[in-house]
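Analysis of the macromolecular model
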Amino acid sequence: MARNIIDLDDIASVELEARSRYTHRALVCSSTGCLSAGAATVRSTLEAELEQADRGQDVQVVPTGCPGLCSRGPLVRVESRGPTTTHYEQVDEDAARAIVRDHLIGGQPATEARITPEDLPFYVKQHRVVLAYAGTIDPERLEDYVAAGGYRALSKALSTLSPENVIEEIAAAGLRGRGGAGYPAARKWKLLHDAPGDEKYVVANGDEGDPGAFMDRTIMDSDPHRVLEGLALAAYATGASLGYLYVRAEYPLAIERLERAIRAAKRAKLLGRNVLGSKFSFDVEVRVGAGAFVCGEETALMASIEGRRGNPELRPPYPTERGLWGQPTMINNVETLANVPAIIDQGAAAFAAVGTEASPGTKVFALAGSLTNTGLIEVPMGIPLRDIVFEMGGGIPKGLAFKAAQTGGPSGGCIPERFLDTPVDYEHLRELGSMMGSGGLVVMDETVRMPEVARFYMEFCRDESCGKCAPCRVGTVKMHAFLDRICRGVGRQRDLQHLESLCRTVRETSLCGLGQSAPNPVFSTLEHFRDEYVELLVEDEVFQGPEALAAASPGGAR
Amino acid sequence: MSRRPARPSVPVTIDGEEHLAYEGETILDLARRVGVRIPTLCQLDGLSVYGGCRLCVVQTEGDHRLKPACATEVTGDLEVTTSTHEIREHRRRIVELLFAEGNHICAFCVSTGHCELQDLATEHNVDHIHYDYEYPRNTVDASHPKYLLDRDRCVLCTRCVRVCDEFEGAHVWDIANRGSESRIVAGLDIPWGESESCTWCGKCVLVCPTGALSFKGRSTGEMVHDPEVISFLSRARREGEWVGRKEQV
Amino acid sequence: MSTPNGNGNGQPRKLRFATAWLGGCSGCHMSFLDLDELLFDLAEHVDVVFGPLTDVKVFPPDVDITLVEGAVTNEDNVEIARAVRANTRVVVSFGDCAVTGNVTSLRNAMGDPDPMVRRVYVDHPDINGAMPTEIVPALLPQAEPLHELIPVDVYLPGCPPSGERIRNALFRLVESLEAGEGIPDMDWRTPDDLRFG
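So, how was this worked out
- Residues numbered from 1 in each chain as written.
- Chains lettered and ligands numbered in written order.
- Predicted model: local features only at pLDDT ≥ 70, side-chain atom pairs only at ≥ 80, totals over all residues.
- Heavy atoms only, no water.
- Helix = DSSP H or I, 4+ residues; strand = E, 2+ residues; numbered from the N terminus.
- Rg over C-alpha atoms; globule rule 2.2 N^0.38 Å.
- Buried < 20%, exposed > 50% of the residue type's maximum accessible area, 1.4 Å probe, protein only.
- Contact = heavy atoms within 4.5 Å.
- Areas by Shrake-Rupley, 256 points an atom, 1.4 Å probe, with all protein chains shown as cover.
- Core = buried A, V, L, I, M, F, W, Y, C linked by side-chain atoms within 4.5 Å.
- Buried area = accessible area lost by both parts, 1.4 Å probe.
- Salt bridge = Lys/Arg side-chain N within 4 Å of Asp/Glu carboxyl O.
- Polar contact = N/O pair within 3.5 Å; in protein donor to acceptor, adjacent residues only side chain to side chain.
- Pairing = 2+ DSSP bridges.
- Nonpolar A, V, L, I, M, F, W, Y, C, P; charged D, E, K, R; others polar.
- Axes fitted to C-alpha atoms, helices over the stretch in contact; angles between N-to-C directions.
- Phe/Tyr/Trp six-rings, centres within 6.5 Å; stacked < 30°, edge-to-face > 60°.
- Domains from an automatic or database assignment.

A count of helices and strands for chain C gives seven helices and seven strands. Going from N to C terminus, chain C has its helices and strands arranged as β-α-α-β-β-β-α-β-α-α-β-β-α-α. For 197 residues, the compact-globule estimate of 2.2 N^0.38 gives 16 Å, and chain C sits close to it at 18 Å. In terms of overall dimensions, chain C has a C-alpha envelope of 60 × 35 × 30 Å along the principal axes. Counting only residues that meet the buried cut, chain C has 49% of its 197 residues in that class. Across chain C, every contact between residues at least 6 apart in sequence was considered, and the portion connecting residues at least 24 apart equals 79%. Counting only carbon and sulfur atoms, one obtains 52% of the accessible surface of chain C, whose full area is about 9,300 Å².

Of the regular secondary structure elements, chain B holds six helices and ten strands. Taken against the 2.2 N^0.38 rule, which gives 18 Å for 249 residues, the C-alpha radius of gyration of chain B at 19 Å falls within 12% of a compact globule. Viewed in the frame of its principal axes, chain B has a C-alpha envelope of about 55 × 50 × 30 Å. Counting every position in chain B, which comprises 249 residues, the buried fraction comes to 56%. Put simply, 60% of the contacts in chain B that link residues at least 6 apart link residues at least 24 apart. As displayed, chain B offers around 10,900 Å² of accessible surface, 47% of which is attributable to carbon and sulfur atoms.

Formed by 93 residues in total, the largest nonpolar core has its most connected members in Leu499(A), Val522(A), Trp173(B), Ile184(B), Trp192(B), Leu213(B) and Leu146(C). If we skip the residues at most four places from it in the chain, Trp173(B) touches Leu149(B), Cys160(B), Val161(B), Cys164(B), Ile184(B), Val185(B), Ala186(B), Trp192(B), Cys204(B) and Leu213(B). Among the nonpolar cores identified, the runner-up in size contains 71 residues, and Ala157(A), Leu228(A), Val275(A) and Phe351(A) belong to it.

Taken together, the 37 residues of chain B in the interface contact 37 residues of chain A. Taking both sides of the interface into account, the surface hidden between chain B and chain A amounts to around 3,000 Å²; carbon and sulfur atoms contribute 53%. If you sort the residues of chain B by the area they bury against chain A, Leu97(B), Glu134(B) and Arg178(B) come out on top, with a joint share of 20%. The tally of links between chain B and chain A comes to four salt bridges. Measuring nitrogen to oxygen at the nearest pair gives 2.5 Å for the salt bridge that ties Lys478(A) to Glu134(B). There are 19 residue pairs in polar contact (both at pLDDT 80 or more) connecting chain B and chain A.

Right, let's get into the sheet that holds strand 10 (residues 213-215) of chain B. All names here are of chain B. With respect to topology, three strands assemble into an open sheet ordered 6-7-10, the strand pairing being antiparallel. Since the sheet does not close on itself, it has two edges, and those belong to strand 6 (140-141) and strand 10, each with one partner. Where strand 6 lies against strand 7 (residues 147-150), two bridges are found, and the strand directions are antiparallel. Counted as the bridge partner of aspartate 141 is leucine 149 from strand 7.

Right, let's get into the interface of chain B and chain C. Of the residues lining the interface, 22 residues belong to chain B; the matching set on chain C comes to 25 residues. In total, chain B and chain C occlude about 2,000 Å² of area from one another, counting both sides; carbon and sulfur atoms represent 58% of this. For chain B, the biggest contributors to the area lost against chain C are Thr122(B), Asp127(B) and Tyr135(B); these three give 33% of the whole. Counting across the interface, chain B meets chain C through two salt bridges. At four residues, helix 3 (residues 116-123) of chain B tops the list of elements feeding residues into the side of chain B that touches chain C. Of the residues belonging to the side of chain B that touches chain C, the class tally is eleven nonpolar, seven polar and four charged.

One key point about sheets: their strands pair by backbone hydrogen bonds, in either a parallel or an antiparallel sense. Residue and element names in this part refer to chain A. The five strands are arranged 11-10-14-12-13 in an open sheet whose pairing can be described as mixed. Every other strand in the sheet has two partners, leaving strand 11 (375-380) and strand 13 (413-416) as the edge strands with one partner each. For this sheet, the mean inter-axis angle between neighbouring strands, taken without regard to orientation, is 30 degrees. On the sheet, helix 22 (residues 520-536) packs against strand 12 (402-407) and strand 13 and is oriented at approximately 60 degrees with respect to strand 13.

Each aromatic ring pair is summarised here by two numbers: the centre-to-centre distance and the angle between the ring planes. This structure, assessed with the given rule, holds 19 aromatic pairs over all chains. Seen in terms of ring centroids, Tyr147(B) and Phe215(B) are 5.8 Å apart; in terms of plane orientation they differ by 45 degrees. Their pairing is tilted. Here the residue Tyr147(B) occupies a position in strand 7, and Phe215(B) occupies one in strand 10, the gap between them amounting to 68 residues. With 4.9 Å between their ring centres and 65 degrees between their planes, Phe50(C) and Phe59(C) make a pair best called edge-to-face. Here Phe50(C) matches Phe59(C) in class, with each residue buried.

Turning next to the domain arrangement of chain B. Residue and element names in this part refer to chain B. According to the domain assignment, chain B consists of domain 1 (10-83) and domain 2 (103-237). In this structure, domain 1 and domain 2 have C-alpha centres spaced 26 Å apart. Across the contact, 14 residues belong to domain 1 and 20 residues belong to domain 2. Contact between domain 1 and domain 2 buries roughly 1,300 Å² in total, counting both sides, with carbon and sulfur atoms accounting for 62%. Among the residues of domain 1 in contact with domain 2, Leu41, Leu44 and Leu47 are the three that bury the most area, contributing 43% of the side total.

Following this line, the structure appears as structure tokens:
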């Protein structure tokens, strides 16, 4: 068994040895955000300039995952021998040339390029576990991951821990599902472990579909091996022999990198038969979903993996009793799994030292909306929302006032100013009528009208409803119609009453989480911003003319 | 449904009255057996459980969420409340939603007077619909020589889909699109009359709860469905009646 | 709003009763006439002050009960419905067209009503086909149930509601108003009193 560790160490030392030959390393963010901002051109410019100066052997240009500050991309970090790192932001071709000339060759930071202050709260307030290597390793190279310490946890588990030990460690860490609900991960693992049968499956849920959310996408495209390692550990702990990575088709880069990672891991005996020479065999396949929000719901997700229509099914039976092809199956969110290698490698205590007692560890958030800094952050659970918005996010631009922070996507709610000091964890957010959700955090300024926010999310749910159950299929259409009417200033008192009663019915009677939580943005905006609705209403007794009647009932043919 | 043990043994309380349920029996089955009415629409004895209409939701003691009676198996000492004001209001709203969603014009429907949706509206005191009607522009499929599909009257219960798949083995029907765009289609969305897998058995027509599927040539109120034929078939299949093991029911 | 408190000489005054005919086939009014001899009983309690059965042109004030037949389908309907609401204590949505839109609303799924009007008034007539510009009231984009336009107090579905159904609801209503109790609870209604269609 010891041989395995040597194998990994070999890979790591060869890699580090090679790295030591370079005087500088230029790390170019090549995650989805920076790529769309032109990172590929920046990278090729860096390489071409170095080539031209014949300095290619001294400087390594590395495409990496996401450092996080997406709004200031493309991002380039220059690492020199010693501890100094310079962060360049909004790098264009000219800046890239200056970086090569002044810094990579000249050895001094390029003053012509924009340099991010080192003490930017956006970076310094983070605590990176899941994103530990995002932005520092090449996600397309197994060697980079291993050199950083990757697959050490898997190797450790296979050589020194029983499956039960692994589950105990996860339980001791208090890891909770990062997909939104916060269900204790170890409890789910135990259920699958205890389920009878030889054929079991584990699934990584990468179907992230909330508007404004890109945590899972970034984890997958910035550090795909971490997800694989987490999935392999889950399989080892639960007795599963096959794993699926379920990723939406809108994430082509994540899919490509995951597939590349699977191939590399198989070649290195980190996946496949007898992983690292042990008795544990495990294969992984990527399944590409067609981008339906409802397929993030676990029973719909399984239907989609099986090639059927992505409709949710009734639970119980739960997937751990009857899942893929009738066999026990466990579905974990990508971020949940990405936490696992760190827990096994560094121990439950180290993991639980961060965060709060009920919600240990960190959480990745996608910051979006009216903020100076938007992008991806990983913070300790329990951090006050105010710190995220005003320190890390840099506050609201253009001198506007903060109005609300939306968490939990279309299943979540809006948190007003007076609750900004609330610690961000599962329980506190739920108490405020919102939820952690998968980690989307959209900040709204004073110009935003809350009924319109509710209408936006309801439109999303309406379009994403699968149509199986009547309350969600028709209810979302009707809730949206009421909201639309209110937003257009032709809503009546009774429309608001009907909206609220319908919200209750849809919440109480819908089949799956999509419908059950679809009314949440309405409930939460009504709770905190009811005045904004009431202001828009017209009196019931105001008789409406044909124009109003027409306006109130748009279009016959759809 | 598998064969039952000879005697019911699981104590279950429904609306304050104690009953003995069979192991594995659903709340709905038990309620029906002991004469407690729980409204349903998509559920049909003999077909697989779908759980889509949500009309059979009941309160089970200790659960914060309502449960569909059709899909929830009894457990020992379960306490079920089948009808509170709140549950009735939920059901009424769901029925209203179904009316608002389609173009249900009872006045000249082939199934008026024999329609489960119409009955549910009456049962739940629906004297008008609180929600705007959608007035969708649906299509009628009259391409089959014997039968007719009028999507205006469809409530997407999928009884036709399930009976065709589970009893006839033809799987002519399925649902295309999603959400409010969902609609019943034959084959891969071809005219019903052109479907080569349709055996003309007519079971889909017999189980339809509304006037969506009907025999051609029926006028207003003349289409009477016969969904019970499926429970007959299912029982016969379960008891092995066609292979002579038991007497014909 | 009027009160049923009499005419000043000790005799309770009769309720003022009206009917209105919007976008419907008048079948509900025919069914109302199916009350037959009960019409005499009704007449002992109410004065008919407006409707197709009278020759009154302007909707009068202080009406106690108005049965409104038909969906709101054109501008004329809107005007009448608003007049009804402004002058009536208890507005009854009378029959399926008023309650649900029913047959009148069949056109809604076809969208813009203009081509339909054109078909009738321009394409079809033997002579002088033209789009109507006066007398014929303009159609609304959609035919809607009455309660989409004005608040409604009592719903009486049916296509048409049978004479018996009308009798049950109407006499209960009359009784209640005469007793000064306002709009009665309608929960007593049986399937015979409620069914659409």
